[in-house]
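# Breakdown of the fold
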Amino acid sequence: MTMNASPMIVRVLRMLAGTQEIELGCEEVTALLDEYCEAQAGGEDLSRFAPVMNAHLRLCADCREEYEALLTLVTMDADPISS
Amino acid sequence: MRQWLARRLFFYLRSRSDLDKLADSEIQDLAEDFVQDTLLQIRAKLEQFEGRSKFTTWAGKIAVHQALGELRRARWRDFSLDSLIGESDFTPSFLVNEADPDAPDRAVERAETMRAVAEVINEELSERQRAALVALMVEGVPMDVVADRLGTNRNALYKLLHDARKRLRSRLEDRGYNIETLLNDLSG
């Protein structure tokens, strides 16, 4: 008899363990994302965003992917900036 | 700014493993298309820019949202949530079988715990919500795509899942379970 815990159940429990009473929604996270990535790229203190930002990015794969992409864009050493 | 976006988006897209079959020229075209769509959106959203970041960073955020949204929807075009309905009973398959009389106490206890958790999930979430959860957690389907299939948007889906998580948590606590203890017992 296999007695490994069901991975699905463990994943659900992990999600429940990370659940906060109040969490930011995707729209709120998106609204902050440019400011957040810029602060991070500039090595600023991120405590004004944490932990609500972190909690959402841990749980929402789409927002996390957009955060990683934007951070890549703003920290990228591409051609001279022309805006 | 167009150049700033196009160049960076090109390098970003080229680094994505799901696009590694595309030639540079194709990625270039893709990036140009995304930038074109982004510029239209920027024009429409201009009054929302509050100067809390550089303009290029704000524009980059819109570009990334646009580009990744389109890539997700294209990649998962054929995904059907209905195909998961009926397959989202959370009761682990080995629990459905008759209990093994020779299993050690600890194993029996674990099986009981998992059965209880699965029961709460099955009771508290609708079949469609469970299918959405399986799609997100097991199949790796993006939130955008699951939201489309549920006729909603990502923000509303996140809120629905947040409410569901809070409800599951409190139902388990009502039954005398502590989430952290459960996690320790099951993953230990």
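Description of the structure in this document. (Residues numbered from 1 in each chain as written. Chains lettered and ligands numbered in written order. Predicted model: local features only at pLDDT ≥ 70, side-chain atom pairs only at ≥ 80, totals over all residues. Heavy atoms only, no water.)

Glancing now at the overall build of chain A. In terms of helices and strands, chain A carries four helices and zero strands. N-terminal to C-terminal, the α/β element order of chain A is α-α-α-α. Here chain A holds 83 residues, and 48% of them are scored as buried. At a minimum sequence separation of 6, the contacts of chain A that also span at least 24 residues come to 59%. (Helix = DSSP H or I, 4+ residues; strand = E, 2+ residues; numbered from the N terminus. Buried < 20%, exposed > 50% of the residue type's maximum accessible area, 1.4 Å probe, protein only. Contact = heavy atoms within 4.5 Å.)

Approximately 690 Å³ is the volume found for the largest pocket. For the lining of the largest pocket, the secondary structure elements donating two or more residues are α1 (7-17), α3 (52-59) and α4 (61-75) of chain A together with α3 (55-75), α6 (127-137) and α8 (154-174) of chain B. Top element by residues in the lining of the largest pocket is α4(A). It accounts for four residues. Residue composition of the lining of the largest pocket, by class: 15 nonpolar, two polar and eleven charged. (1 Å grid on protein atoms, 1.4 Å probe; cavity = no way out; pocket = protein on both sides within 12 Å on 5 of 7 lines; lining within 4 Å. Points joined across faces, edges and corners; volume = space filled by probe spheres on them. Nonpolar A, V, L, I, M, F, W, Y, C, P; charged D, E, K, R; others polar.)

Turning to unusual backbone geometry, a few remarks are in order. Leaving glycine out, the prevailing phi sign among residues is negative, and the prevailing peptide bond configuration is trans. Note the cis peptide between Ala50(A) and Pro51(A), where omega equals 0°. Its location among the elements puts Pro51(A) in the loop between α2 (26-41) and α3.

Another aspect to go through is the packing of aromatic side chains. Each aromatic ring pair is characterised by the separation of its centres together with the angle its planes make. Scanning the entire structure with this criterion turns up seven aromatic pairs over all chains. Ring centres of Tyr36(A) and Tyr67(A) lie 5.6 Å apart, and the angle between their planes is 45°; on these two criteria the pair is classed as tilted. Of this pair, Tyr36(A) sits in helix α2 while Tyr67(A) sits in helix α4, placing them 31 residues apart in sequence. One exposure class covers both Tyr36(A) and Tyr67(A), and it is buried. Between Phe49(B) and Trp58(B) the ring centres are 5.2 Å apart and the planes differ by 50°, which places this aromatic pair in the tilted class. Given the relative accessible area of 6%, Trp58(B) is considered buried. Each residue in the set Tyr36(A), Phe49(A) and Tyr67(A) is aromatic and connected to the rest through ring pairs, giving one cluster. (Phe/Tyr/Trp six-rings, centres within 6.5 Å; stacked < 30°, edge-to-face > 60°.)

The next point concerns the side chain of Asp144(B). Assignment of secondary structure puts Asp144(B) in helix α7 (residues 143-149). Here the side chain of Asp144(B) touches Arg72(B) through a polar contact of 2.8 Å, side chain to side chain. If we skip the residues at most four places from it in the chain, Asp144(B) touches Asp62(A), Gly69(B), Arg72(B), Arg73(B) and Arg154(B). (Polar contact = N/O pair within 3.5 Å; in protein donor to acceptor, adjacent residues only side chain to side chain.)

This brings us to helix α1 (residues 2-15) of chain B. With 14 residues, α1(B) should reach 20 Å at 1.5 Å per residue; the first-to-last C-alpha distance of 20 Å fits that figure. Among the residues of α1(B), Trp4(B), Leu5(B), Ala6(B), Arg8(B), Leu9(B), Phe10(B), Tyr12(B) and Leu13(B) are the ones counted as buried. (Expected span 1.5 Å × (residues − 1).)

Bringing the pattern of salt bridges into the picture now. Evaluation of the coordinates by the stated rule reveals 27 salt bridges over all chains. Of the charged contacts, one joins Glu35(A) and Arg48(A) as a salt bridge, the two residues approaching to 3.7 Å between their closest N and O atoms. Residue Glu35(A) is found in helix α2, and its partner Arg48(A) is found in the loop between α2 and α3; the two are separated by 13 residues along the sequence. Of the charged contacts in the structure, one is a salt bridge between Arg175(B) and Glu123(B), with a shortest N-O distance of 3.6 Å. Note that Arg175(B) is positioned in the loop between α8 and α9 (179-187) and Glu123(B) in helix α5 (residues 105-124), a separation of 52 residues in sequence. Residue classification places Glu123(B) among the exposed positions, given a relative accessible area of 53%. Beyond isolated ion pairs, a larger network of salt bridges with shared partners links Asp62(A), Glu65(A), Glu66(A), Arg16(B), Asp18(B), Arg72(B), Asp144(B) and Arg154(B). (Salt bridge = Lys/Arg side-chain N within 4 Å of Asp/Glu carboxyl O.)

A common measure of how large an interface is: the accessible area buried when the components associate. Facing the 50 residues of chain A at the interface are 56 residues of chain B. Of the roughly 5,100 Å² buried at the junction of chain A and chain B (both faces included), carbon and sulfur atoms supply 65%. At the boundary of chain A and chain B, one finds ten salt bridges. Arg72(B) is the salt-bridge partner of Glu66(A), the closest N and O atoms lying 2.9 Å from each other. At the surface where chain A touches chain B, the tally comes to 25 residue pairs in polar contact (both at pLDDT 80 or more). Elements with a minimum of two residues in the side of chain A that touches chain B: α1, α2, α3 and α4 of chain A. Classifying every residue of the side of chain A that touches chain B gives 26 nonpolar, eleven polar and 13 charged. (Buried area = accessible area lost by both parts, 1.4 Å probe.)

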